[in-house]
Amino acid sequence: MAFENLLLKKEGNVAILSINRPKALNALNTSVLEELNQAINTIEKDEEIYVVVITGEGKAFVAGADITEMKDKTPEEAREFANLGLEVFRKIELMEKPVIAAVNGFALGGGCELAMSCDIRVAGEKAKFGQPEVGLGITPGFAGTQRLARLVGAAKANELIFTGDMISAAEAEKIGLVNKVVSQEELMEKAMDLANKIASKGQLAVRYSKKAINRGIETDIETGMALERELFALCFATEDQKEGMTAFVEKRKPNFKNK
Ligand code: CAA
């Protein structure tokens, strides 16, 4: 599928989705968000794709929502725009397949929010994170107030959002905003290593685990444990469980079919 603002390719069982609007530092306008929505639908349906890596072309991951497009919006138009971003990012978060953000540069505002909607964040050492919206007279709009506070705690989220400060990849790792920092040159290789390692496991088990973590974190622990129990039981209705455990007993590598 051809996009104006995205590049989508497959390497084995991994999809690499790259935001490709480098002249505007990959800023998210309506058209980029709509294409992202389509790309996610395509990826979710493609049975050959097990894991997704999202990155940005050029020196930015994504430098935010498009300020030029937002500048003259009415409150109603702004609500509609926020809704689009919120829905697309929620779709990424809730899609069955795991998503890794390979953060190659600026991840600001909507860019930090996009990275936070992914399951795992790997950052290049030159990446920069921040929610600079208050400097533009607005709040974060694609769930930055919600996901940042959940990821790093309210105190750090308050500091970052109230000051609009940009932080380094090293600082982002220290506060738990990114999983790991790697050299700029090795970013895609390391993100792909991680993606391929996940792709080598039983995918139904990976997807059920994602669901249990995502849904469980939003609910009380009893409800979360009940969900985990049901998904655990469901695994025993799969061929992958038989294969995974038989392979262990037979001291060989499992050959998962994702069934
Ligand atoms: N929207 C629209 N255009 C943007 C953009 C954005 N968020 N960020 C960068 N650009 C454009 C610049 O206007 C510039 O375009 P021109 O060449 O046509 O002038 C081009 O990208 C390159 O940017 P700079 O020349 O500014 O590059 P730099 O290296 O000097 O600075 C930067 C990089 C610090 C990231 C700076 O571009 C910047 O501060 N960008 C805006 C960051 C920001 O405020 N993001 C939050 C947006 S609001 C939001 O995201 C709301 C939400 O939650 C939904």
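Keep in mind that what you see is a predicted model, and the values were worked out from it rather than measured. Each chain carries its own residue numbering, running from 1 in the direction its sequence is written. Residues qualify for local features only when their pLDDT is at least 70, as the model is predicted, and side-chain atom pairs are given and counted only at 80 or more; totals for whole chains, interfaces and linings, by contrast, use all residues. Values reported for side chains reflect all heavy atoms of the structure, with hydrogen atoms and water molecules removed beforehand.

The next thing to look at is the site of the ligand. Taken together, 25 residues form the shell around the ligand, and within it Lys59, Ala65, Gly110, Glu113 and Glu133 come nearest. Under this definition, polar contacts are N or O atom pairs within 3.5 Å; protein pairs additionally need one hydrogen-donor-capable and one acceptor-capable atom, and for neighbouring residues in sequence, both atoms have to be side-chain atoms. Backbone polar atom of isoleucine 67 to a nitrogen atom of the ligand: 2.9 Å apart, as the coordinates give it. Contact distances for the ligand include 2.7 Å between an oxygen atom and a side-chain N or O atom of glutamate 113. Note on areas: Shrake-Rupley with a 1.4 Å probe; residue coverage comes only from the protein chains shown. Surface burial for the ligand is 63%, taken as the share of its 990 Å² of free accessible area covered by protein chains. Helix and strand assignments follow DSSP, with helices taken as H or I runs no shorter than four residues and strands as E runs no shorter than two, numbered in order from the N terminus. Of all the secondary-structure elements, those providing two or more residues to the shell around the ligand are helix H2 (67–70), strand E6 (106–108) and helix H4 (110–117). Ranked by the residues each element gives to the shell around the ligand, the list is headed by H2, at 3 residues. The nearness test applies per residue and asks whether one of its heavy atoms lies within 4 Å of the molecule or strand.

Take the pairing of strand E1 (residues 6–11) next. DSSP-based pairing: two strands are paired if at least 2 bridges between them are found. In this sheet, strand E2 (residues 14–19) lies alongside E1 in antiparallel orientation, the contact comprising 6 bridges. Looking at the pairing, glutamate 11 lines up with valine 14 of E2.

With respect to the helices and strands, the residue arginine 147 is situated in helix H5 (residues 144–152). Think of it in three bands: residues with accessible area under 20% of the maximum for their type are buried, residues over 50% are exposed, and the middle band is partly exposed, with areas taken using a 1.4 Å probe on protein chains only. The class for arginine 147 is buried, based on a relative accessible area of 10%. For arginine 147, the side chain forms a polar contact with the side chain of glutamate 93, separated by 2.8 Å. A contact between two residues is defined here by any heavy atoms of the two lying within 4.5 Å. If near-sequence neighbours (up to four positions away) are discounted, arginine 147 is found in contact with Phe89, Arg90, Glu93, Met116, Ser117 and Phe142.

When two helices pack together, their arrangement is captured by the angle between the axes and the distance separating the axes. Interaxial angles span 0 to 180 degrees and are taken between N-to-C directions of axes, which are lines fitted to C-alpha atoms, for helices over the stretch in contact. One can describe the packing of H4 onto H5 by two numbers: an axis separation of 10 Å at closest approach and a directional angle of 55°. By the angle class used here, H4 and H5 are oblique. Relative to H5, H4 is oriented so that their crossing is left-handed. Across from Glu113, Met116 and Ser117 in H4, the residues of H5 making contact are Gly144, Arg147, Leu148 and Leu151. Angular relationships are summarised with four words: roughly parallel below 35 degrees, roughly antiparallel beyond 145, roughly perpendicular across 65 to 115, and oblique for the angles in between. Note on convention: near helix rotated counterclockwise from far helix by under a right angle means a left-handed crossing. Clockwise means right-handed.

It is worth spelling out the domain arrangement of the protein at this point. In this entry, domain limits derive from an automatic or database-based domain assignment. Here the protein is partitioned into domain 1 (6–199) and domain 2 (202–250). Across the boundary between the two partners, domain 1 contributes 15 residues, which contact 7 residues of domain 2. With both sides pooled, the region where domain 1 packs onto domain 2 buries about 850 Å², and carbon together with sulfur makes up 45% of that total. Of all residues in domain 1, Arg90, Leu94 and Glu96 bury the most surface against domain 2, accounting for 42% of the area lost on that side. The term salt bridge refers to a pairing of a side-chain nitrogen on Lys or Arg with a carboxyl oxygen on Asp or Glu at a separation within 4 Å. Among the ionic pairs, aspartate 119 bridges to lysine 210, the shortest N-O distance being 2.9 Å. Linking domain 1 to domain 2 there are 9 residue pairs in polar contact (both at pLDDT 80 or more). What counts as buried area is the accessible surface, traced by a 1.4 Å probe, that two parts surrender upon association, with contributions from both included.

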